[in-house]
Amino acid sequence: MIKMQGGVIMKVYDVAFLLLKRNKKNHFIYGLTLLFSIVVCFIFIDFIDNPILIETDQVRGILDPQGFNLPLSKGLPFVIITFTWSMILYASQYYFKQKEQEYSLLIISGMNLVSHIKYALCQIGLILGAVIPLSFIIGTLSLFLINKLIYDYLDISHSIFNIRLSTYI
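Small disclaimer: the values here were computed from a predicted structure and weren't measured.

Caption draft 1: Focus on the overall build of the protein. Helix and strand counts for the protein stand at seven helices and two strands. Buried positions account for 36% of the 169 residues belonging to the protein. Sequence-distant contacts in the protein: of pairs separated by 6 or more residues, those separated by 24 or more amount to 69%. For the protein, the exposed area adds up to about 11,200 Å²; of that, 69% sits on carbon and sulfur atoms.

The structure is reproduced here in structure tokens:
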């Protein structure tokens, strides 16, 4: 609990919600960055896990004209997924760096470490609670469109609505 001006005592969750409302712009930008990164990662994880794309994609080499078992649908998405994860880590580090002054003021005002952790988890939980389901919805819809484009280009006659469960996990 934190004693505020006028003798009002606020719980950690109340402070987290109050400051979440006041800094909407920072939280919104962080949420959009996470949303974009998760959608891109979701799409490329499906490329790695899509057996239809793997069957039609085979790298051909000079020494081995028959090809070898490293399709482009596995190698290139891995690089992009690695980039998106580094983008998520950088955005999170930047987000917490921006909140350093806020955290310092809360500690100076008497918030202990456990309450401080609850405060940060409450704010991040609200952001992730909105971003993750939304990113799966947007990712699934965009994956239908991307599968349609790729399947038409590669002349694959398969349903675009087949998304493996492991993509979501």
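Caption draft 2: Representation of helix 5 (residues 100-108) within the structure. Among all positions in helix 5, only Glu102, Tyr103 and Leu106 are buried. Angular distribution of buried residues about the axis of helix 5 spans 100°; they occupy a single face of the element. Facing away from the buried side of helix 5 by more than 90 degrees, the exposed set consists of Gln101, Leu105 and Ile108. Once helix 5 finishes, Gly110 follows within two positions and takes phi at roughly 110°, a positive value.

Caption draft 3: Representation of a nonpolar patch on the surface in the model. A contiguous nonpolar patch, built from Phe28, Ile29 and Leu32 and spanning about 300 Å² of accessible area, is present on the exposed surface. Note on placement: Ile29 falls in helix 2 (residues 24-49). Residue classification places Ile29 among the partly exposed residues on the basis of a relative accessible area of 44%.

Caption draft 4: Region of the structure containing the nonpolar core. Ile43, Phe44, Phe47, Leu53, Leu143, Tyr151 and Ile156 are the most contacted members of the largest nonpolar core, which totals 16 residues. Broken down by secondary-structure element, the contributors of at least two residues to this core are helix 2, helix 3 (51-56) and helix 6 (113-153). With seven residues, the single largest contributor to this core is helix 2. Once residues within four sequence positions are removed from consideration, Ile43 is found in contact with Gly139, Ser142, Leu143 and Ile146. By size, the runner-up hydrophobic cluster in this structure holds ten residues, among which are Ile38, Ala91, Tyr95 and Val131.

Parameters and conventions
The written sequence of each chain sets the order in which its residues are numbered from 1. Restriction of local features to residues with pLDDT of at least 70 applies here, the model being predicted, together with a cutoff of 80 or more for giving and counting side-chain atom pairs; totals for whole chains, interfaces and linings are based on all residues. Each side-chain value is derived from all of the structure's non-hydrogen atoms; neither hydrogens nor water enter the calculation. Every helix listed is a DSSP run of H or I at least four residues long, and every strand listed is a run of E at least two residues long, numbered separately from the N terminus. Partly exposed describes any residue whose relative accessible area lies between the buried limit of under 20% and the exposed limit of over 50%, with all areas from a 1.4 Å probe on protein chains only and scaled to the type maximum. In what follows, residue pairs with any heavy atoms lying within 4.5 Å of each other are defined as contacts. In these tables, accessible area is a Shrake-Rupley quantity obtained with a 1.4 Å probe, and a residue counts as shielded only by the protein chains included in the view. Each C-beta atom gives one direction from the helix axis, and the arc is the one those directions make. Residues enter patches when their relative accessible area tops 30% and they take part in no salt bridge; the joining distance is 9 Å for like charges and 5 Å for the nonpolar side chains Val, Leu, Ile, Met, Phe, Trp and Tyr. Within this document, salt bridges are pairs made up of a side-chain nitrogen of Lys or Arg and a carboxyl oxygen of Asp or Glu, the two lying within 4 Å of each other. Among the buried residues, those of types Ala, Val, Leu, Ile, Met, Phe, Trp, Tyr and Cys that are joined through side-chain atoms within 4.5 Å form a nonpolar core.

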